[in-house]
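The chain contents come next:
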Amino acid sequence: MKLAVAAQADLTEEVAEWIEAFDQIVVDEGPEQAAELLGALRQRAREAGINTPSEIRTPYLNTIPKHDELPYPGDRQMERRVESLIRWNAMAMVHGQNKKDAGIGGHISTYSSLATLLEVGFNHFFHAKYGDQPGAFIYFQGHASPGVYARAYLEGRFDDDRMANFRHELRDTPGLSSYPHPWLMPDFWRFPTVSMGIGPLNAIYQARFMRYLENRNLIEKTPRKVWAFVGDGETDEVDTLGAISVASREKLDNLIFVVNCNLQRLDGPVRGNKRIIDELEGIFRGAGWNVIKVIWGSDWDALFERDHKGLLLKRMEECVDGDFQAFKAKGGAYLRKEFFGKYPELLELVSEMTDEQLARLHRGGHDPLKIYNAYKRATEHRGGPTVILAKTVKGYGLGSTEARNASHQEKKLTDDSVAAFVKRFDIPVPEEAAKHGKPFRPAQDAPEIQYMQERRKALGGYLPQREVPKLRFKAPELDYFGEWTAGSKGRAVSTTMGFVSILRHLLKDPEIGKLIVPIVPDEGRTFGLESAIRQVGIYASEGQKYKPHDVDMLLYYREEQDGQILEEGITEAGSMASFTAAGTSYSNYRVPTIPFYMYYSMFGFQRVGDMIWAFADSRGKGFLMGGTAGRTTMLGEGLQHQDGHSHVLASTVPTCVSYDPAYVYELAVILQDGIRRMYQENESVFYYITMYNEDYAMPEMPEAVREGIVRGIYKFKSAAKGKADAQLFGSGPILNEAVRAQQILAEKYGVQADVWSVTSYNELRRDALAIERWNRLHPAEAEKTPYVVTALKGTKGPIIAASDYMKSIPDQLSPWLANRLVTLGTDGFGRSDNREHLRSHFEVNAESIVVATLSKLSRDGKFDAKRAQKASQELGLDTEKVDPAKA
C-alpha cells in the first residue's frame, strides 16, 4: 500500500512536468502545434494498447476564448435599438392580438431568447444573394415567427393592416400565418419548420442537394450557407439528430446549425438533471461536427479573469440546467446565495456587484460580440458542418415570465410587464403605443431604419423572401412516349419495369435529362435500376475511391462526383428530405429539377406523412413513385410490407394528385401530363403514382382514352354482346381480375358487363366535390355534372369496384353513384402468400367480383337469388369464413 502511494506521488510530479512542458509548447509554438502533439500522443497510446477516454465534451466555457475574439464590426448601440424595436413589435403583435381575440395564440418567449442570434445574422451574415445567385437559406425556429414578421414590418415590407391581421388570415386584408408556411405566404417563407424535427432534417439534405447541384454544374459554386435555427427541446425529436452523420460524411461546410439552448421545452426543463449543452456537444462532436459553444456573455469575462483558482468553472460544472433556470428565474439575490455563495472566494468575487447587476449577467446567446465571433468561425470553417450551441433565456426580458416553466404559453403581458419590458430594453416607442401595446415603426428617415436598410442592402436584399422565376419549360408531347403507349407486344412486364424504361429515356433527353433526379432508399435493384446506375451513375460527393468488385460487369455499381441518382441508403425520411430539396429547386435555385422518388409504397405516406405534408406546404413538385404496391400484388412479404391504404393517405394532402395505373400506357399519359402541369404550366401540385411488380402483357393504348386516364376513369372493354347489365371497375393489376370476371359472367352466367379502368378515385372525388360545391352556391344556374357521372351516362346495372386498396377508396364516389356501388378491397392486415391466395383471401379476385355482381343483381331483382347463392359454391368462395378485414 505504501509503495502504491509512493508511486502515485512520483506520477503526480511527473504529470506536473508534462503539463509545464505542454504549456510552454502552447506559448512558443501555438495552439495548432499543441493540438497536433496531443493527437500524436493519443495515436501512440492506441498503438501501445492503452485505451484513452474519448474527448467529446469540453469544459462548460465558451469555445472561443476572449483573447481570440475579433472586434464587432457593426454599430452596437444602433443595432441594440433596432433589436429593441423588433422585440417590441413582436411582443406587441402577439400581446395585442390576444387582447382583442382571446385564445388566438402566438408565441413571445421563443423569439425573446432568439432575437440577438437572429439580428447578428441579419446584420452581418445572412446574404440574400451572391451576384445573380441565391444567397443564404434560413430554416427559422418556427415559434419565433413573430420576430421575423416584426423585422419585415420595420423594413417596410408589411403595413399596419398586415400586422393587425397576425393569425387572421381570412379577413378582408392579407394576414400573417401563425408559423412559416410557404403555401400561405408564397412570397415570404421558403421553408416550413414548425413540425418539430423536419426543419433540421430538411436543412441537412438541402445543404447536400446544394452540393449535388454544384457538382453537376447545374448551379454556380458560391459561399452560400444553409442556416438551421433549432430549439434545444427540438433535439428530442429523432428527425433532428438522426441524420447529422450525413452532414459530416458529406463534409457539408455549407451547413450551420444554431441551437437555441434556452434550456426549456413547452412544459419544463429540457434536461433538468443534466446539462443539454454538454449532451449536444458530445453528440455533435462524436458525429464529426465542428462544435462552437457560446455559453457566457462578455460580462462574465472579468469574473473568469479574476478567478485564479478555477472555482467559477468548478461551480458551473456542479450545476445542472434545473439550477441554471432557477438562478435566472429567481433574481440576483438568489443567484448570489445559491450559486456564488457555495464558496467564500466566489462570494468575494462578486462582492462589489449589486443584486441587479448579478441578475443581468448575460448568457452567451444574448451577447452580439460572442455570437459574431461564433458565426464568423462557423462561416470560415472548412471540411465539415458546424453547430453553435448558444445558451439563452426563454422569455428573456419578459419580467415574471423569464426562464419560467410556463413561459412558452405566455401570450399577453400585464400593463406593468409591458412597462418593464420597455424600460428593460430602452425601447424608443411612443408613450401611447407603449400604453396600449401597439406596433410602432419610426419614420423611414429614422437612424434605426436607415441602419437596418443599409445592412440589408449590403447583404443583397431582404430575407426571408421566396421568388418563383418564370421558367421556359416545354414538356414533351405524348408521342414522345410512343414506345410505351404502343404496348408490350405480348411480352409480360410490370408497370415498375415500364416506369424504369421511361425514366431511362427521360435521362437521355438532351433538354430535360439533366433535370431528372432519381431518388431511391437502397432498393434500386428491386426496381430494376441497374441499367440506370450504369447510365448516369450514383452521386458521391468524393467520387468512387475504390474499385467495385463488379467493375468487369456491364452493369457495375458506379459512383461519380457528378452522378445523377441519389441513392440514400435505408432512410425514407432522408430520401423524402432530398425529394423536398429537389422538388422546391425551381424556386430556391431557379433550376426546375424533376425528382422521381421510388420506394416501397407501404413506407411512404405511412412513414413520412408529416414530411409529405410539409412538402405540399412548400409548394413542392415531383413524382412519388410507390413501388411494390398493392396488398395482394406484393406477394410473399406479408403484413408489414403489403400496402392497401397509401391512396387513402394520399387523398388527405390537398396538392397531391394520385393515380393507380394498371398499364404502362396509362403510366406514360400520367407522367407526361404531370410534367406538363407542374413544370410547363407551373401548377403547385405533386404526383403520387403506384407501381406494381406483377408481370403481364401490356395492351396498346386505345383510342380516345387520354382524357379519361387523366380525369380518373374510362371504359376499357365493352360487353361482348349488347348492352351491359353491370359495370366492373378495376384499378392497378386488379383490372385484369375485372376483365377475367367479365368473361366468367358472360360465359357461365349469361351476364354482360363493361369493364372500366379507374386510374384515380381521388381525382374523381375532388372533381365531384368541386362541382357539387359550385351547384350549391349557384342554385339559379343550370347544374353542372361531375366527370364520373358524365362518363357513366347511359350505363345501367350495379357497379362493382375492385382494387388492391381499401374499400374506402371506391366508396368516395358513393354520393354520386346512388345505390349502384358495391366495393371490394383489401381492408385488413396482409399475409405472406402468393397472389392467387392473397386475392382470394381479400375477395378481390375475379371469382369474388363475379359473386359480388350476381349478388347485387339478385338484390336488385335482375338475377335469380338462389342461382347467385350457388355461384359462390361453384367458384370456390367460402361464404362463412372470417371477414378478412378482421382476420
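Keep in mind that this is a model prediction, so the values were computed, not measured.

A.B. asks: Whenever I open this one, helix α2 (residues 31–47) confuses me. Can you help?
C.D. replies: Residues spaced three or four apart along an α-helix point in a common direction, a consequence of the helix completing one turn every 3.6 residues. The terminal C-alpha atoms of α2 lie 24 Å apart, and with 17 residues this matches the ideal 24 Å at 1.5 Å per residue to within 8%. G49 occupies a position one or two residues after α2 and carries a positive phi of about 80 degrees.

A.B. asks: Explain the confidence of the model for the protein here, please?
C.D. replies: Predicted coordinates in regions of low pLDDT should not be interpreted in detail. Taken over all residues, the pLDDT of the protein has a mean of 93, while the share at 70 or more is 97%. Confidence drops under pLDDT 50 across residues 1–8; counting only partners more than four residues distant or on other chains, this segment forms zero contacts.

A.B. asks: Can you walk me through the nonpolar core in this structure?
C.D. replies: Generally speaking, nonpolar side chains in soluble globular proteins are found buried as a group. Counting 173 residues, the largest nonpolar core has L255, F257, F340, F499, F596, F623 and L624 as the members making the most contacts within it. With residues up to four places along the chain from it excluded, the contact list for F596 reads F499, L503, L506, I516, V517, P518, I519, F623, M625 and L671. Counting residues in hydrophobic clusters, the runner-up holds 69 residues, among them W88, I138, A378 and V418.

A.B. asks: Hey, could you run me through the side chain of E694 in this one?
C.D. replies: By the element assignment, E694 lies in the loop between β16 (686–690) and β17 (696–697). The buried category is assigned to E694, whose relative accessible area is 15%. There is a polar contact of 2.7 Å between the side chain of E694 and the side chain of R839. For E694, the contacting residues outside a window of four places in its chain are V493, S494, T633, P733, R835 and R839.

A.B. asks: Explain the sheet that holds strand β18 (residues 713–717) to me, please; I cannot follow it from the model alone.
C.D. replies: Pairing between the strands of a sheet comes from backbone hydrogen bonds, and it takes one of two forms, parallel or antiparallel. With mixed pairing, five strands are arranged side by side in an open sheet as β18-β20-β19-β21-β22. Of all the strands in the sheet, the pair left with one neighbour each is β18 and β22 (821–824). If you compare each strand with its neighbour and ignore which way they point, the axes differ by 25 degrees on average. Here strand β21 (residues 799–802) pairs with β22 via four bridges, running parallel. What sits directly across from I800, in β22, is V822.

A.B. asks: What exactly am I supposed to notice about the pattern of salt bridges here?
C.D. replies: A side chain of one charge can pair with a side chain of the opposite charge if their charged atoms are brought near each other. Taken as a whole and assessed by the stated rule, the structure comprises 47 salt bridges. When the shortest N-O distance is used, the salt bridge between D278 and R57 registers 3.1 Å. Remark: R57 occurs in the loop between α2 and α3 (76–100) and D278 occurs in helix α10 (residues 276–286); sequence separation between them is 221 residues. Assessed through its relative accessible area of 11%, D278 is described here as buried. Judged by relative accessible area, which is 38%, R57 ranks as partly exposed. Ionic pairing is found between R839 and E694, a salt bridge with its closest N-O pair at 2.7 Å. Within this pair, whereas R839 is found in helix α34 (residues 835–842), its partner E694 is found in the loop between β16 and β17, the two being separated by 145 residues in sequence. Across this residue pair, the class does not change: R839 and E694 are buried. Shared partners join several salt bridges into a network, and the residues in it are E694, E737, R740, R839 and E847.

What counts and what doesn't
Within each chain, residues carry numbers counting from 1 in the order of the written sequence. Where local features are concerned, this predicted model is filtered to residues with pLDDT of at least 70; where side-chain atom pairs are given and counted, the filter is 80 or more; whole-chain, interface and lining totals use all residues. As a convention, hydrogens and water are excluded, and side-chain values are obtained from all of the structure's heavy atoms. Numbering of helices and strands runs from the N terminus, with a helix taken as a DSSP run of H or I at least four residues long and a strand as a DSSP run of E at least two residues long. Take the number of residues in a helix, subtract one, and multiply by 1.5 Å to get its expected span. Note on scores: pLDDT gives the predictor's confidence for each residue, bounded by 0 and 100. Note on contacts: a residue pair qualifies if any of its non-hydrogen atoms lie within 4.5 Å across the two residues. Here, nonpolar core refers to any group of buried Ala, Val, Leu, Ile, Met, Phe, Trp, Tyr and Cys residues whose side-chain atoms link them within 4.5 Å. When accessible area is computed with a 1.4 Å probe and restricted to protein chains, residues below 20% of their type maximum are described as buried, those above 50% as exposed, and intermediate ones as partly exposed. Side-chain atoms alone can form a polar contact between residues adjacent in sequence; in general such a contact is a pair of N or O atoms within 3.5 Å, and within protein one must be able to donate a hydrogen while the other accepts it. If DSSP finds at least two bridges between two strands, the strands pair. Only the stretch in contact is used when a helix axis is fitted, and all axes are lines through C-alpha atoms; the angle between N-to-C directions ranges over 0 to 180 degrees. The salt bridge criterion pairs a side-chain nitrogen of Lys or Arg with a carboxyl oxygen of Asp or Glu, the two atoms within 4 Å.

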